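What follows is the residue order along each chain.
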Amino acid sequence: MSGVRVTVAAVLAYALAPRSVAAVECATLPIPVYVTGSTAAKPLLAEIGKVMAAQTPPATVVYYGVGSCAGPDAILSGTPIVNTAVGAFTYWDASGVEVKCEISSTSGVIAHVGISDVFASTCFQLPGGLPASVTDTLGPVQAMAFVTHKSSTERAISAEAAYYVYGFGAQSPVSPWTHDGLIFRRDDVSGTQRMMAAAIGVPPQRWQGTATTSSGDLVTRLGAANFPDQSIGILSAEVAQDNRTTVRILAYQHFGQTCAVYPDSDETANDKVNVRSGRYPIWGPLHLFTRLNPSGVPQNAKAGELIGYLAGTRPAPAGLDLVKLEAQRHVIPQCAMRVRRTQEMGPAMPFAPQSACGCYYEKVATGTTACKPCATSAECAATAPVCSYGFCETQ
Amino acid sequence: MQHTGVVSALAITLAIVVGGFSGGAAGCSVLLETDTNPYKCTTDADCLRYASNAACDTARRQCVARLPPSTPDAAGTGGDGTGGLSCSLSFDNRLRVPLDGPDGGLRPLPEPP
């Protein structure tokens, strides 16, 4: 297993960087819970970090976003997380203000929670699966999408076409995506690229096209493309929808299919209906890794608490509406899903969550729902007999 | 072919579908899968064994949950055997994607330099 790569140059750059104001030492904060991995989780962590900082006693969510595969690596191999840049570590105070802290120890700290957009097996060879001492709790679901310039006339792409575009780059036989400089990708440790790679059958290390350093960088480059039709990239639906003035999500048609679909019911909607039903295929849950003690519970109780909030298995603290927050962030809580999967791009299996929130999710995501509002289950019809999150649900 | 493993690898998978989607019935059912997708269908009727509100997505030929939960007055409840799931957009592989690989499919990926 490869560890988090920390180059000598990066460490030297950090050590030699000027510091005008010394940030607080992370270890001195109240009950620090160290979280690392995917950058997609940051908006959710900000809200949970704020609430946990206001608890009695307070706890501090200290976050270091480096990329999906670093999440499971930190938990599976215990690779310490170390400062590689000034301001790399973030926490949130009780009023929700984002603050930087530092870890001055050159040996770093061991993360309590590792977060990934993809299954650990998508990052590492794990023929025996995860060890019994590590658990992977499934959090909110996010979709990945092919995107193009907002002014592009293209509306859809098939898996077969994407295989050629990203597998062959400048030699792609699929018009109009034949210019390497306008075929934008991430890197081979990106969760987005790894999930897309599993979808289209091009190993992440063999992707052609122009590398970008982050989702934001990809948006910027795509937006600056001189030939909109020829531009293409990959983003999480979350980032793509936050940048709808710059990029356009392409409907996706999986191998052997004849129909292309959006993650949402149409290009401009925000209901994620095709992800929630499994019709749109490129999606996966956020993976929340932590170490267990011999009794099978998280070694770090606060880490378990944080994971419970994110996964929806623990009641959210007062004042924190995670379903609404997730809807606003274009991700889907497990309670709004009707399918689940147990391997990357594996079959979507029917799923009926306890305390379903699909109706409430639709309401807060789109402003409307066809579901019947309710206060108790007695108000619900037999077809949707359970009052959950204020609406009649099937379960 | 690179994509073969993703798309059509035959795998014996033991899937345990607990409660819920089977109409809320108690207990669990065990399905022996011989394909990556056991939820194949041609009409909504093929999906009734999973849930009363399951529908056949005729584009993917797979049972999916109809959203929002099916009610008599809800739109898109089907009746035409399509589960109300229509296809309004497609990418024409026949016109745009060359299938000139050695087996009449996609070409193998170029060898890394």
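Here's a quick rundown of the structure. Not measured: the values here are computed from a predicted model. (Residues numbered from 1 in each chain as written. Chains lettered and ligands numbered in written order. Predicted model: local features only at pLDDT ≥ 70, side-chain atom pairs only at ≥ 80, totals over all residues. Heavy atoms only, no water.)

### A word on the overall build of chain A
Okay, so step 1: A count of helical and extended segments in chain A gives 12 helices and 18 strands.
Okay, so step 2: Taken over the C-alpha trace, chain A has a radius of gyration of 21 Å; the compact-globule value for 395 residues is 21 Å, and the two agree within 12%.
Okay, so step 3: Summarising its shape, the C-alpha atoms of chain A cover approximately 65 × 55 × 45 Å along the three principal directions.
Okay, so step 4: Evaluated residue by residue, chain A yields a buried proportion of 58% over its 395 residues.
Okay, so step 5: Of all intrachain contacts in chain A linking residues separated by at least 6 positions in sequence, the fraction that spans at least 24 positions is 71%.
Okay, so step 6: Of the accessible surface of chain A, which amounts to about 14,700 Å², a share of 55% is contributed by carbon and sulfur atoms. (Helix = DSSP H or I, 4+ residues; strand = E, 2+ residues; numbered from the N terminus. Rg over C-alpha atoms; globule rule 2.2 N^0.38 Å. Buried < 20%, exposed > 50% of the residue type's maximum accessible area, 1.4 Å probe, protein only. Contact = heavy atoms within 4.5 Å. Areas by Shrake-Rupley, 256 points an atom, 1.4 Å probe, with all protein chains shown as cover.)

### Here we look at the environment of Gly390(A)
Residue and element names in this part refer to chain A.
Okay, so step 1: For Gly-390, the location among the structural elements is in the loop between strand 17 (386-388) and strand 18 (391-393).
Okay, so step 2: Residues Gly-390 and Val-273, spaced 117 residues apart in sequence, show a C-alpha to C-alpha distance of 19 Å.
Okay, so step 3: Those residues in contact with Gly-390, other than ones at most four positions away along the chain, are Lys-372, Pro-373 and Cys-374.

### A closer look at helix 2 (residues 42-53) of chain A
Okay, so step 1: Helix length check: helix 2 of chain A (12 residues) gives 16 Å between terminal C-alpha atoms against 16 Å at 1.5 Å per residue, within 8%.
Okay, so step 2: Taken residue by residue, helix 2 of chain A has Leu44(A), Leu45(A), Ala46(A), Ile48(A), Gly49(A), Val51(A), Met52(A) and Ala53(A) as its buried positions. (Expected span 1.5 Å × (residues − 1).)

### Structural notes on the state of the cysteines
Residues and elements named next belong to chain A.
Okay, so step 1: On inspection of all chains with the given rule, the structure shows 6 disulfides over all chains.
Okay, so step 2: Here Cys-26 engages in a disulfide with Cys-101; their sulfurs sit 2.0 Å apart. Between Cys-26 and Cys-101, the disulfide has an S-S torsion of 95 degrees and is therefore right-handed. One end of the pair, Cys-26, is in the loop between strand 1 (24-25) and strand 2 (32-37); the other, Cys-101, is in strand 5 (residues 98-102), with 75 residues separating them in the sequence. As far as the burial class goes, Cys-26 and Cys-101 line up, both buried.
Okay, so step 3: A sulfur-sulfur separation of 2.1 Å characterises the disulfide bridge that pairs Cys-380 with Cys-392. Handedness here is read from the sign of the S-S torsion; for Cys-380 and Cys-392, about -85 degrees, the answer is left-handed. Placement of the pair is Cys-380 in the loop between helix 12 (358-366) and strand 17 and Cys-392 in strand 18, with a sequence separation of 12 residues. One exposure class covers both Cys-380 and Cys-392, and it is buried. (Disulfide = S-S within 2.5 Å.)

### Side note on the environment of Pro298(A)
Residues and elements named next belong to chain A.
Okay, so step 1: With respect to the secondary-structure elements, Pro-298 resides in the loop between strand 14 (283-291) and helix 10 (301-311).
Okay, so step 2: Through-space distance from the C-alpha of Pro-298 to that of Val-113 is 9.8 Å; in sequence the pair is 185 residues apart.
Okay, so step 3: Contacts of Pro-298, omitting those with residues within four sequence positions, involve Thr-290, Arg-291, Leu-292, Asn-293 and Gly-304.

### As for the pattern of salt bridges
Okay, so step 1: Enumeration over the complete set of coordinates arrives at 14 salt bridges over all chains.
Okay, so step 2: For Arg329(A), the salt bridge goes to Glu238(A), with nearest N and O atoms at 3.3 Å. Residue Arg329(A) is located in the loop between helix 11 (322-328) and strand 15 (339-340), and its partner Glu238(A) is located in helix 8 (residues 237-242); the two are separated by 91 residues in the primary sequence.
Okay, so step 3: Ionic pairing is found between Asp92(B) and Arg94(B), a salt bridge with its closest N-O pair at 3.6 Å.
Okay, so step 4: Residue classification places Asp92(B) among the partly exposed positions, given a relative accessible area of 27%.
Okay, so step 5: Arg94(B) gets classed as exposed once you look at its relative accessible area, which sits at 77%.
Okay, so step 6: It is possible to trace a salt-bridge network through shared partners that takes in Lys42(A), Glu98(A) and Lys100(A). (Salt bridge = Lys/Arg side-chain N within 4 Å of Asp/Glu carboxyl O.)

### Focus: the packing of helix 2 of chain A against helix 10 of chain A
Residue and element names in this part refer to chain A.
Okay, so step 1: As a packed pair, helix 2 and helix 10 sit with axes 11 Å apart at the nearest point and diverge in direction by 130 degrees. The angle between helix 2 and helix 10 falls in the class oblique. Here helix 2 and helix 10 pass one another in a crossing that is right-handed. Here Leu-44, Leu-45, Ile-48 and Met-52 of helix 2 lie close against helix 10, whose contacting residues are Lys-302, Glu-305, Leu-306, Tyr-309 and Leu-310.
Okay, so step 2: In the contact of helix 2 with helix 10, the residues fall into 7 nonpolar, no polar and 2 charged. (Axes fitted to C-alpha atoms, helices over the stretch in contact; angles between N-to-C directions. Parallel < 35°, antiparallel > 145°, perpendicular 65-115°, else oblique. Left-handed = near helix turned anticlockwise from the far one by under 90°. Nonpolar A, V, L, I, M, F, W, Y, C, P; charged D, E, K, R; others polar.)

### With respect to the packing of aromatic side chains
All names here are of chain A.
Okay, so step 1: A full pass over the atoms with the stated rule returns 11 aromatic pairs over all chains.
Okay, so step 2: Consider the rings of Tyr-64 and Phe-89, whose centres lie 4.7 Å apart with planes at 25 degrees: the pair is stacked. Here Tyr-64, found in strand 3 (residues 60-65), pairs with Phe-89, found in strand 4 (residues 89-92); they are 25 residues apart in sequence, far enough to count as distant.
Okay, so step 3: Between Phe-146 and Tyr-252 the ring centres are 5.9 Å apart and the planes differ by 25 degrees, which places this aromatic pair in the stacked class. Here Phe-146, found in strand 7 (residues 134-149), pairs with Tyr-252, found in strand 13 (residues 251-253); they are 106 residues apart in sequence, far enough to count as distant. Each member of the pair, Phe-146 as well as Tyr-252, carries the same accessibility label: buried.
Okay, so step 4: In this structure, Arg-341 packs its charged tip against the face of Trp-283, placed 4.3 Å from the ring centre. (Phe/Tyr/Trp six-rings, centres within 6.5 Å; stacked < 30°, edge-to-face > 60°. Lys NZ or Arg CZ within 6 Å of the ring centre and 35° of its normal.)

### Brief notes about the pairing of strand 5 of chain A
Residue and element names in this part refer to chain A.
Okay, so step 1: The sheet contact formed by strand 1 and strand 5 spans 2 bridges and is parallel. The residue of strand 5 that forms the bridge with Glu-25 is Glu-102.
Okay, so step 2: Pairing of strand 4 with strand 5, which is carried by 4 bridges, proceeds in the antiparallel orientation. The partner of Trp-92 across the bridge, within strand 5, is Glu-98.
Okay, so step 3: What sits between the antiparallel neighbours strand 4 and strand 5 is a turn of 5 residues, in which Gly-96 has the positive phi angle 90 degrees. (Pairing = 2+ DSSP bridges.)

Nothing here speaks to function; it is geometry throughout.
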